[in-house]
Amino acid sequence: MAITLSGDQALPGPPLSSRLTPAQVWGILLLAPYLLVFLAFVVYPVCYGLWLARAPANYVALYNDPIFARAAVNTLIFLVIGINIKMLIALFLSGFFAQQRTWIKWLSVIFILPWAVPSIPTILSVRFMLNPEWGVINHLIFSFTGDDGPNWLNDPTVALTMAIGVHIWKSLPFWTLILITGRLAIPHDLFEAAEVDGASWWQKFRFITWPSMQTLYVTCTLLSMIWTLGDFNSVYLLTGGGPADLTHVLSTLGIRYLRLDQLSLAMASIVVAMPLVLPLVYFMMKRLSR
Amino acid sequence: MKLPTLREVGNEAKLLLIGIPVFIWTMIPIYHMFLFAISPKEDAFSGKLWPDHPTLHNFHIVFYQEHYFLRDFWIQFWNSTVIALSAGALTLFIATAAAFSISRLKVPGGRWVMNLALFTYFIPAAFLAVPMYRTMGNYGLLNNHWSLILAMVTIASPYAIWVLKQASDKLPVELDEAATMDGATTLQLFRLVYVPLMMPSLVAIGTYAVLLAWNEYLYAFLLLSKDTNITLPVALGNFLAADDSPWELLMTTGFIYALPPAAIYYAFKRYMVGGLTAGAVKS
């Protein structure tokens, strides 16, 4: 127990070691490994990177690089269209998977697969399916119509659409799973009461399901935005940023500059994304750390 | 036995109308990978939905490294395994210690560290990759397995700490008090009370960290580049760079590479789904 003296503020405090309980010393020791990792691999790299990207010339160069402008637009398309389509499908499918049927249980086990298997072999698999000469899709098109199918990844719009498709394929199961948990948390008697009153499925969705899931849905959408910004694989493995560097997004663009040994441009392209990322991060932190 | 009513049949049909496309959509890339893996070279590119002569020969070629693209297959498999397990173990150690410290010992500033950790969790991994690549060079760790292990620990720890802290907070304080009354030291409290009680969360987090490292492509691709130190996903990516790649062997290797995580996922599904859904979004 500390002895309280009057005027104790004026005296120099006791040494740190005597003010801490043994448990607190252990606490600091046990926290130290993470703090070291955080300082060495987050704080130092980020500060160093910001320092490298400090010159305004970098931002002028970025602004003048047409590939950057294209990547920024692609990123927005990815975020606005891709994520909303994905989340709406996830919302719809969460209703489907919440049905109590044995076969739906089994299907849900299979449905998780895209999320459970690593992305590289499956994305390469899609890439081969879309191969214009020997891909299975163009084989099928040829056998049905007798015409050659399109060169899927040669048109930037089509290629970007395919990359969004791959992204949806990969991350849909996760979000569906989260939204199923949200749905199952809604008290069942609300639906029973609504059914007695003769509500249609749309009314049930509109007045029971949606109000209870709205917050969860918005949180998921925002979190998905952050993660999608970091989705390198869907674009890089499917299109490599091509054709003619027209399908890059910000996460592949940074790596592209890095591979070209333009580290300050790479950092600058990330700094430019920060006004978009930081509000999202702030919001998520507020939601999660309360 | 009761015959289903017309309405029930209609409902079932509606559900099937959703279920069948969902099944096809989910399986296409995976089935296509499998199809290539069991097809001889001449069947693989024919566009058939089932090969005329299904074979396991491709697996034989991969396992016995009979193609020059696959020279280092087992070394790369070993690299992937060692890196994933090391990253998993290290993440588990660091995150458990931190969560215990923050939640049970109420270390001063602990909450602050939690928020910093959460902040890292939300920074897109591809954005952190750029500065991290350069500093790994500064540390002299490029092309060393430690670079990838430490990068994976950096990425996995924040989420791990956060999930473990949420779980720790639910443990009753009385347990700690009782153990302390019985004369347990802090370390004994950690080892004999805390860790056993946290087992389900620890399994979930360990699995998460191992899978994250096993599946990682971007960091592996940036940090490792020698044929003998790269991991399987990087080796798969390198196939793409060649014009004359044996795609059926690439897909076979990819299939082999995808099996362990799928198996682990299903083995630990109970823990994973609970941990992830509880952790990812708090509603």
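Everything below is about the structure printed above this text.
Fair warning: this is a prediction, and the values are worked out from it, not measured in the lab. (Residues numbered from 1 in each chain as written. Chains lettered and ligands numbered in written order. Predicted model: local features only at pLDDT ≥ 70, side-chain atom pairs only at ≥ 80, totals over all residues. Heavy atoms only, no water.)

**Student:** Lay out the pattern of salt bridges in plain terms, naming residues and giving numbers.
**Tutor:** With the rule as written, the count across this model stands at seven salt bridges over all chains. Its salt-bridge partner being R101 of chain A, residue E12 of chain B comes within 2.8 Å of it at the nearest N-O pair. Note that E12 of chain B is positioned in helix α1 (residues 6–37) and R101 of chain A in the loop between α4 (66–97) and α5 (102–111), a pairing that runs across two chains. Between R71 of chain B and D227 of chain B there is a salt bridge whose closest N-O contact spans 3.3 Å. Highlighted residues: R71 of chain B in the loop between α3 (57–63) and α4 (73–104) and D227 of chain B in the loop between α11 (218–223) and α12 (232–241), separated in sequence by 156 residues. Given a relative accessible area of 37%, D227 of chain B falls into the partly exposed group. (Salt bridge = Lys/Arg side-chain N within 4 Å of Asp/Glu carboxyl O. Helix = DSSP H or I, 4+ residues; strand = E, 2+ residues; numbered from the N terminus. Buried < 20%, exposed > 50% of the residue type's maximum accessible area, 1.4 Å probe, protein only.)

**Student:** Help me get a handle on the packing of α4 of chain A against helix α13 (residues 250–259) of chain A, residues and values and all.
**Tutor:** To characterise two packed helices, one gives the angle between the axes of the helices and the distance between these axes. Residues and elements named next belong to chain A. The N-to-C vectors of α4 and α13 enclose an angle of 150 degrees; their axes lie 8 Å apart at closest approach. Classified by the interaxial angle, the pair formed by α4 and α13 is roughly antiparallel. For the pair α4 and α13, contact is made by I67, F68, A71 and T75 and by L250, L253, R256 and Y257, respectively. Among the residues forming the contact of α4 with α13, the class breakdown is six nonpolar, one polar and one charged. (Axes fitted to C-alpha atoms, helices over the stretch in contact; angles between N-to-C directions. Parallel < 35°, antiparallel > 145°, perpendicular 65-115°, else oblique. Contact = heavy atoms within 4.5 Å. Nonpolar A, V, L, I, M, F, W, Y, C, P; charged D, E, K, R; others polar.)

**Student:** Describe unusual backbone geometry, listing the residues and the values that go with them.
**Tutor:** With omega at 0 degrees, the peptide bond leading from G242 of chain A into P243 of chain A counts as cis. With phi around 60 degrees, D245 of chain A is a residue other than glycine that occupies positive phi space. Relative to the helices and strands, D245 of chain A resides in the loop between α12 (233–239) and α13. Here the phi dihedral of N143 of chain B falls at roughly 65 degrees; this positive angle occurs in a residue that is not glycine. Relative to the assigned elements, N143 of chain B resides in the loop between α6 (125–138) and α7 (145–170).

**Student:** Outline the nonpolar core, supporting the account with residue identities and numerical values.
**Tutor:** Core analysis: the largest hydrophobic core is formed by 181 residues, its most contacted members being F97 and L179 of chain A together with F122, L218 and Y219 of chain B. The element that contributes the greatest number of residues to this core is α7 of chain B, accounting for 15 residues. In contact with F97 of chain A, not counting residues within four places along its chain, are I104, L107, S108, F111, T176 and I180 of chain A together with V22 of chain B. Counting residues in each nonpolar core, the second largest holds six residues, with I112, A116 and L177 of chain A together with L211 of chain B among its members. (Core = buried A, V, L, I, M, F, W, Y, C linked by side-chain atoms within 4.5 Å.)

**Student:** Residues and numbers for the interface of chain B and chain A, please.
**Tutor:** Contact with chain B, which involves 91 residues of that partner, is made by 93 residues of chain A. Among the residues chain B hides against chain A, the three largest losses belong to F122, F127 and V130 of chain B. Together they make up 9% of the total. The interface formed by chain B and chain A contains one salt bridge. One can count eleven residue pairs in polar contact (both at pLDDT 80 or more) joining chain B with chain A. Residue contributions to the side of chain B that touches chain A peak at 16 residues, all from α1 of chain B. (Buried area = accessible area lost by both parts, 1.4 Å probe. Polar contact = N/O pair within 3.5 Å; in protein donor to acceptor, adjacent residues only side chain to side chain.)

**Student:** Let's hear about a nonpolar patch on the surface: which residues, and what values?
**Tutor:** All names here are of chain A. A contiguous nonpolar patch, built from V73, I77, V80, I81, I85 and I89 and spanning about 460 Å² of accessible area, is present on the exposed surface. Its place among the elements puts I77 in helix α4. Assessed through its relative accessible area of 31%, I77 is described here as partly exposed. (Patch = residues over 30% accessible without salt bridge, like charges linked within 9 Å, V, L, I, M, F, W, Y side chains within 5 Å. Areas by Shrake-Rupley, 256 points an atom, 1.4 Å probe, with all protein chains shown as cover.)

**Student:** Please set out the side chain of T252 of chain A residue by residue, giving values where relevant.
**Tutor:** Residues and elements named next belong to chain A. Take T252: it is sitting in helix α13. Looking at T252, the relative accessible area reads 2%, which means it is buried. A distance of 3.1 Å separates a polar atom in the side chain of T252 from the backbone oxygen of V249. If we skip the residues at most four places from it in the chain, T252 touches F232, V235 and Y236.

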